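Structural description and commentary
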Protein chains: 2
Amino acid sequence: MSKDKQFVREITPQGEDFSQWYIDVIKKADLMSYSPVRGCMVFKPDGYEIWENIQRELDKRFKETGHRNAYFPLFIPESFFQKEKEHVEGFNPELPWVTEAGGEKLEERLAIRPTSETMIGHMYAEWINSYRDLPLLINQWANVVRWEKRTLPFLRTTEFLWQEGHTAHEDEEDARRETMQMLEIYRDFAENFLAMPVIIGQKTPSEKFAGAVDTFSIEAMMKDGKAVQAGTSHYLGTNFAVAFDIKYLNRENQHQFVHTTSWGVSTRLIGATIMAHGDDRGLALPPKVAPTQVIMIPIGPPKTREQVVARTDELFAELKQAGVRVRVDDRADLSPGWKFNEYEMRGVPIRVELGPRDMENGQIVLVSRITGEKKIVQQVNFVQEVQQLLEEIHQEMFNRAKQHLEEHLITVDTLDEFKQYLETNRGFALAGWCGSEACEAQVKEEAGATSRNIPFSPRESKETCLVCGDKAKHTVVFGKSY
Amino acid sequence: MSKDKQFVREITPQGEDFSQWYIDVIKKADLMSYSPVRGCMVFKPDGYEIWENIQRELDKRFKETGHRNAYFPLFIPESFFQKEKEHVEGFNPELPWVTEAGGEKLEERLAIRPTSETMIGHMYAEWINSYRDLPLLINQWANVVRWEKRTLPFLRTTEFLWQEGHTAHEDEEDARRETMQMLEIYRDFAENFLAMPVIIGQKTPSEKFAGAVDTFSIEAMMKDGKAVQAGTSHYLGTNFAVAFDIKYLNRENQHQFVHTTSWGVSTRLIGATIMAHGDDRGLALPPKVAPTQVIMIPIGPPKTREQVVARTDELFAELKQAGVRVRVDDRADLSPGWKFNEYEMRGVPIRVELGPRDMENGQIVLVSRITGEKKIVQQVNFVQEVQQLLEEIHQEMFNRAKQHLEEHLITVDTLDEFKQYLETNRGFALAGWCGSEACEAQVKEEAGATSRNIPFSPRESKETCLVCGDKAKHTVVFGKSY
C-alpha cells in the first residue's frame, strides 16, 4: 500500500507530549527513518533537501567572506588526540575506533572524527610558513561521529552531517574578529533564513568547546521552551597551534604561533527548525528552507477537470520559471480535503487552489500554512503575489517565534523563582551569576537547566547571583536543552 | 616563506616518468596533500573546487531526471554483508572495522561503508510496499572507504568521495532503462563537461561489480595510454531485492521482488581529468570544471601601473558579472613572466594580459592555455570574446584527447600483436574474445592488460579470440589501467 494512501495517523498534540509530537511529525512528513545502526538515522529526501537548502545558503555566505572548502580524512590517529589535553578529555569517551582493516589488526587505532581540529592542525603546521600564508580560511562539509548515549533524530545522532570552519591568523585580534564574524553569519542565517530568533552570547567556561579559549553560541528556543544550541564559534587561541606546532615567520622575521578559530553548524538545525515552528497540525517550514514552497491543487468536478489542470500547469510553469520551488498535486483519486491536510502536515508554506469558478473569474486562491488565511488574487499577478506572501510568511513565522521566546524568557533573582516557574511553565531564565562553577552546577542539579550563554545584549543586567546571592559577574541565560 | 615565492620546482616530463609527472603537478598546483593516515589524502581548496564543480553539474543532471538526494549511515553491520554472497566476497578484504566505541567493545562489528547497496537495500525493504512507490530514485553524495593496498592521490585512495545512485523498479525493463540512462549521463558529462572522450560499453563478467547482473562503464584514456574507469552503472537484477527482501505489491495484487540499479562516479574523476589533459607545462583544466577559468594579469612599468590595474579591475567586474570564474593577480612584487608560468602550470584555461599599450588601443590580450595562441581583442567585446574562447578551448581539448584515444587504440588479431605494440607504445587494443575467463586471464598475465569493456559501438568487429583463436563472442577493449 502506498505511503500516500495510508490511514492518516493522528499527530500527538504538542501540549500533551512534545517529544512524541516531534517523532510523529518527522515520521509522518517522511523526513527520516531509523537505521539499523544504533543512534544513526537515515535522512530521507524531504529531510535531506532541507539540509541541501541550508548548505547552499551557508556555503554562499562562507565564500562571500573569503573561505574555501577542502576535505580532510575521516580517520584520526589515536596519538593526535593526546596532543591537546582538554580536547582529548572532552572527546575520548565518545569516539568509535577502527582497530582492524583490510584483514589485519592496525598498529595504531584510528578514531572516526568527532571534529577535525587535530587533523587540520597537523596539516596547517605543514602548510603555513609565513605571514603571507595567513589568514588561512578553510571550511569542510563532512560527516562526523560521536557515540552518544541518548539520541534523537536530527538533534543528537551518532553520525551527523555538519560544516566545520577552521581558520588560522597572525594574531589574537584577527582571530577574534573572525570568530565574531562567523557567529554573526550564523545569527543572521538563523533569523533571516530559518526565521528562528536566537540569543547570541558567550558560553561559560564549563560549557565551552574542549580545547577552546572562548566559545560563543547562538541559542534558539523550541516550542516546548527548551533550548537548542544552533551554532558555535570558537576562539582557540594558540592551544592547537602549540599542540601541533603551527608556526609562521612574522613580518619581523620571527617564528610565532598562529591563532586559530573553528565554527560549525550541523543537521541539528533541521530538528531545531521543526521544533521552533511546528504546531499541532504538523510541520511548518519557513519559506526559504522549505523543499516545497508552494503546492498547487486543482479542484472541482470531473467535467471541468481537464481545463483546470491545464491552467494549473500553466501557472505552475510561470512560478517555476520565477525560481519558486513549486509542485502540483493533480492526482485524481485523492480528495482536495485529504490533500489540504497532507500538505499542511508537511509544512508547505503556501497552498494554491484553482477551481472552475476561479477560472471564470481569472482568480486563484492562496492559503498561508501559518495563518490559515485565504487570499484570492488575480491570476495575472500570480507570481508576484506568491513571492510577496512567501516574504510575509517568513516575517510572520519569525515574529511568532520571537514573541514565544520573549514570553518564555523570564528574569529571576533566585534559583527558587526559576524552579517555581518551571513547575507550571517552560522557558529560559535570565539571571545574575557570580561566575563560580558550583553555583552553575547547582542550577543544573535543582532546575535541570544549564547556562545557555552570557548574552551580548541581555534585556536587563542582574546584580546578584541567583544561587549564592553574591555580586554577579555576568547575566546569564539558563534553560533546559536538547 | 610563502608558497607563492618558493623556487619553481621543475616538473618531470611526461615522457620521462608519467607517474612522477602526475605527482609533481598535483603537488605543485596545490591540489592535495598527503595525510598522516595511510592511503588517505587531503583535498586542498584548488583540488576540492574541481570536485565541487563536478558535483554541481552532476547533481543538476540527476535532479533533472527525477532523482532526489538522501543520506544513509556510514556504518554497516557485519551481518548485512553476509546476505549477498558475491558482494561480501568482493568487498570483505577491503573493509575497515569499528570494533570499539564509546569505551566499550561492540557486540557486532561495524564496517565503514565501501558502497551502500546493503544498507540501502535494508531501508528500501522498509520503504517499498506497492507499485505506487516505484520507481524509487535516490542518490547519495558521501565518503566511502576501501582499504586499498596501493594508492595514488585522487585515483585510488583509502577514503574517497563519490555519489552512489540507488534505484528500485517494477521490472527488468524499467531498471535496465535507468541503468542505461545514467550511463549515458556519465558519458555526456565526461565528454561535454570534462572534455574527456570515453569508450562506453559493458564490463565482462570477471570485471563486473560484486553483486551485479551486468555492469556498464565509461573508460577514458590517460596521456600514458592507461585506462581510468571513469564511471559505472549496474543492473543488479533482483540480487539485492532477494537478499534484503525488497518486495512490492504489483498491479495484479501479487508480491514481487523489485529490480534495482546502482551507479557512481567518484573523486577519481579529478585524477582522470588531470591525466587526460595535462602536459609538460603542468595542469590543463577543461574550462567547465576549472576553479579559475580566467586569470587577469596587469603588466607594464610602475608609472602606468595604477591606471592599468584600475582598468583590469573594471574588466574583471564585467567578466565576473557574466558568471565567469575569474581572478586578478596584481601582486606588484612578482614578475609577469613568473605569473605566466605559474598559471600555465595551474592549468587556468585563459590568461588575460593588459598593458599600457593595450590601454591606448582599447585592446586586451587573451592567451589560450591549450594552444598558447595570443588573441588581441577589443575591450568592448571582452566578455563575449572570453566566453567564445572558453568554448573553443573546451572543444580543442576534447578533440586533442579524442585524437590521442584514436591513435592509441589499435586493432589486433592476436595477443602477441598487442604485446609487441606495448613494447614500444602505450594504449588500448580492440580485439575479439571467445568469452572464456581463461583467455581474459591470459591477456592480463602476458600483457598486464585487463578487459576495459565490450564497447557498444566498436569501430570494427573482430571474428576470432586474440588468445585461443576460437570464434569471438565479443569485441573487447583491453588496456592497462589505474
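- Looking at an unreviewed UniProt entry, chain A carries the name Proline--tRNA ligase, with the source organism given as Paenibacillus chitinolyticus.
- Its UniProt record, at the heading Sequence similarities (unreviewed entry), says of chain A: "Belongs to the class-II aminoacyl-tRNA synthetase family. ProS type 3 subfamily."
- Under the UniProt heading Subunit (unreviewed entry), the entry covering chain A gives this text: "Homodimer."

1. A few points about the overall build of chain A
- In terms of helices and strands, chain A carries 14 helices and 23 strands.
- Expected size for 482 residues packed as a compact globule is a radius of gyration near 23 Å; at 25 Å, chain A falls within 12% of this value.
- Expressed along its principal axes, the backbone C-alpha trace of chain A runs to roughly 80 × 55 × 50 Å.
- Burial analysis of chain A (482 residues in total) assigns 60% to the buried set.
- Roughly 19,200 Å² of accessible area belongs to chain A as shown, and the carbon and sulfur atoms make up 46% of that amount.
- Of the side chains in chain A, 59 bear a positive and 74 a negative charge, and the two mean positions are spaced by 3 Å.

2. Some remarks on the relation of the copies chain A and chain B
- Expressed as a screw operation, the relation of chain A to chain B combines 0.0 Å of axial shift with a rotation of 180 degrees, fitting to an RMSD of 0.0 Å. In the structure described here, the two chain copies are related by an operation that fits a two-fold rotation axis. Taking C-alpha positions as reference, the residue of chain A nearest the rotation axis is Val-98 of chain A, located at 2.1 Å.
- Both copies contact each other with a shared surface, as 100% of the interface residues of chain A are interface residues in chain B too.

3. Regarding the interface of chain A and chain B
- Contacts between the two partners involve 63 residues from chain A, matched on the other side by 63 residues from chain B.
- Taken together, both faces of the contact between chain A and chain B bury some 5,100 Å²; the carbon and sulfur share is 58%.
- If you look at where chain A meets chain B, you find eight salt bridges.
- Across the pair Glu-52 of chain A and Lys-63 of chain B runs a salt bridge, and its minimum N-O distance is 2.9 Å.
- Summed over the shared surface of chain A and chain B, the result is 28 residue pairs in polar contact (both at pLDDT 80 or more).
- Of the residues contributing to the side of chain A that touches chain B, the split by class is 35 nonpolar, 12 polar and 16 charged.
- The pairing of strand β5 (residues 96-101) of chain A with strand β5 (residues 96-101) of chain B spans five bridges and is antiparallel. Paired with Ala-101 of chain A across the bridge in β5 of chain B is Pro-96 of chain B.

4. Side note on the sheet that holds strand β22 (residues 450-455) of chain B
Residues and elements named next belong to chain B.
- Strand order in the open sheet made by the 11 strands is β3-β7-β8-β14-β11-β10-β9-β22-β23-β21-β20, with mixed pairing throughout. Bordering the open sheet on either side are β3 (68-69) and β20 (409-411), each of which pairs with just one other strand.
- Here strand β9 (residues 198-202) pairs with β22 via two bridges, running antiparallel. Looking at β22, one finds that Gly-201 is bridged to Pro-455.
- Those strands touched by helix α8 (residues 268-277) are β10 (214-221), β11 (227-237) and β14 (259-266), and its axis lies near 140 degrees from that of β11.

5. Points about the domain arrangement of chain A
Residue and element names in this part refer to chain A.
- According to the domain assignment, chain A consists of domain 1 (3-277), domain 2 (294-389) and domain 3 (409-479).
- In this structure, domain 1 and domain 3 have C-alpha centres spaced 27 Å apart.
- With 22 residues of domain 1 at the contact, the number on the domain 3 side is 15 residues.
- Contact between domain 1 and domain 3 buries roughly 1,500 Å² in total, counting both sides, with carbon and sulfur atoms accounting for 62%.
- Considering only the surface of domain 1 that becomes buried against domain 3, Ile-199, Thr-204 and Met-221 emerge as the three largest contributors, covering 31% of it.
- In this structure, the connection of domain 1 to domain 3 is made through one salt bridge.
- Note that Arg-452 is salt-bridged to Glu-219, the shortest N-O span being 3.0 Å.
- Put simply, domain 1 and domain 3 have 10 residue pairs in polar contact (both at pLDDT 80 or more) between them.
- Mapped onto the side of domain 1 that touches domain 3, the elements with two or more residues apiece are α6 (172-192), β9 (198-202), β10 (214-221) and β11 (227-237).

6. Concerning the pairing of strand β18 (residues 363-368) of chain B
Residue and element names in this part refer to chain B.
- With five of its six residues buried, β18 lies for the most part within the structure.
- Judged from the four bridges that link them, strand β17 (residues 350-354) and β18 form a sheet pairing that is antiparallel. In the sheet register, Val-352 faces β18, and the bridge partner there is Leu-366.
- The pairing of β18 with strand β19 (residues 374-378) spans five bridges and is antiparallel. Looking at the pairing, Ile-364 lines up with Val-377 of β19.
- Where β18 folds back on β19, the antiparallel hairpin that results is connected by five residues, among which Gly-372 adopts a positive phi of roughly 80 degrees.

7. Notes on the environment of Pro-458 of chain A
All names here are of chain A.
- Mapped onto the elements, Pro-458 comes out in the loop between β22 (450-455) and β23 (474-479).
- Judged by relative accessible area, Pro-458 falls into the partly exposed class, the value being 26%.
- In the structure, Pro-458 is positioned 258 residues away from Ile-200 in sequence and 9.4 Å away in space, judged by C-alpha atoms.
- Filtering out sequence-adjacent residues up to four positions away, Pro-458 remains in contact with Leu-430 and Thr-475.

8. So, the nonpolar core
- Phe-75 of chain A together with Phe-75 of chain B are the most contacted members of the largest nonpolar core, which has 86 residues in total.
- Non-local contacts of Phe-75 of chain B, meaning those with residues more than four positions away in its chain, are made with Val-37, Cys-40, Pro-96, Ile-112, Val-145 and Trp-147 of chain A together with Val-98, Leu-110, Ala-111, Ile-112 and Met-119 of chain B.

9. Regarding the sheet that holds β9 of chain A
Residues and elements named next belong to chain A.
- With mixed pairing, 11 strands are arranged side by side in an open sheet as β3-β7-β8-β14-β11-β10-β9-β22-β23-β21-β20. Bordering the open sheet on either side are β3 (68-69) and β20 (409-411), each of which pairs with just one other strand.
- The strands touched by helix α12 (residues 382-407) are β9, β10, β20 and β21 (428-433); relative to β20, the strand with the most contacts, the crossing angle is about 30 degrees.

10. A closer look at the side chain of Lys-462 of chain B
- Note on placement: Lys-462 of chain B falls in the loop between β22 and β23 (474-479).
- Within the structure, the side chain of Lys-462 of chain B is placed 2.7 Å from the side chain of Asp-413 of chain B, a separation counted as a polar contact.

11. Section: the confidence of the model for chain A
- Looking at chain A, the pLDDT average stands at 96 and 98% of residues meet or exceed 70.
- This model gives residues 1-7 of chain A a pLDDT under 50, and the stretch forms 20 contacts once residues within four places in sequence are excluded.

12. Brief notes about helix α5 (residues 117-127) of chain A
- Summarising burial for α5 of chain A: eight of the 11 residues are buried, a large majority.
- Where α5 of chain A is concerned, the buried positions are Glu-117, Thr-118, Met-119, Ile-120, Gly-121, Met-123, Tyr-124 and Trp-127 of chain A.

13. Re the packing of helix α2 (residues 45-64) of chain A against α6 of chain A
Residues and elements named next belong to chain A.
- Orientation of α2 relative to α6, taken along the N-to-C sense of each, is 145 degrees, at an axis distance of 11 Å. Relative to α6, α2 is oriented so that their crossing is right-handed. Counting all contacts with α2, which are made through Ile-54, Glu-57, Leu-58, Arg-61 and Phe-62, the residues of α6 involved are Met-182, Ile-185, Tyr-186, Asp-188 and Phe-189.
- A class-by-class count of the residues in the contact of α2 with α6 yields seven nonpolar, no polar and three charged.

14. Structural notes on helix α14 (residues 437-447) of chain B
Residues and elements named next belong to chain B.
- Those residues of α14 that sit buried are Cys-439, Glu-440, Val-443 and Ala-447. Projection of α14 onto a plane perpendicular to its axis shows the buried side chains occupying an angular sector of 105 degrees, all on one side. Exposed and facing more than 90 degrees away from the buried side of α14 are Glu-437, Ala-438 and Glu-445.
- As for α14, its buried residues are in contact with α13 (415-424), β21 (428-433), β22 and β23.
- Two residues or fewer past α14, Gly-448 is found with a positive phi of approximately 70 degrees.

15. Let's talk about the pattern of salt bridges
All names here are of chain A.
- Evaluation of the coordinates by the stated rule reveals 78 salt bridges over all chains.
- Across the salt bridge formed by Glu-344 and Arg-281, the nearest N and O atoms sit 3.3 Å from each other. Pair noted here: Glu-344 is in helix α10 (residues 336-345) and Arg-281 is in the loop between α8 (268-277) and β15 (294-298), with a separation of 63 residues, a long-range link.
- The class of Arg-281 is partly exposed, set by a relative accessible area of 34%.
- Put simply, Glu-57, Arg-61, Glu-184, Arg-187, Asp-188 and Glu-191 are held in one network by salt bridges that share partners.

Parameters at a glance
- Residues numbered from 1 in each chain as written.
- Chains lettered and ligands numbered in written order.
- Predicted model: local features only at pLDDT ≥ 70, side-chain atom pairs only at ≥ 80, totals over all residues.
- Heavy atoms only, no water.
- UniProt positions renumbered as here; feature names shortened; annotations may be inferred.
- Helix = DSSP H or I, 4+ residues; strand = E, 2+ residues; numbered from the N terminus.
- Rg over C-alpha atoms; globule rule 2.2 N^0.38 Å.
- Buried < 20%, exposed > 50% of the residue type's maximum accessible area, 1.4 Å probe, protein only.
- Areas by Shrake-Rupley, 256 points an atom, 1.4 Å probe, with all protein chains shown as cover.
- Lys, Arg positive; Asp, Glu negative; His and termini not counted.
- Charge placed at Lys NZ, Arg CZ, Asp CG, Glu CD.
- Least-squares fit on C-alpha atoms with pLDDT ≥ 70 in both.
- Contact = heavy atoms within 4.5 Å.
- Buried area = accessible area lost by both parts, 1.4 Å probe.
- Salt bridge = Lys/Arg side-chain N within 4 Å of Asp/Glu carboxyl O.
- Polar contact = N/O pair within 3.5 Å; in protein donor to acceptor, adjacent residues only side chain to side chain.
- Nonpolar A, V, L, I, M, F, W, Y, C, P; charged D, E, K, R; others polar.
- Pairing = 2+ DSSP bridges.
- Axes fitted to C-alpha atoms, helices over the stretch in contact; angles between N-to-C directions.
- Domains from an automatic or database assignment.
- Core = buried A, V, L, I, M, F, W, Y, C linked by side-chain atoms within 4.5 Å.
- pLDDT = per-residue confidence, 0-100.
- Left-handed = near helix turned anticlockwise from the far one by under 90°.
- Arc of directions from axis to C-beta.

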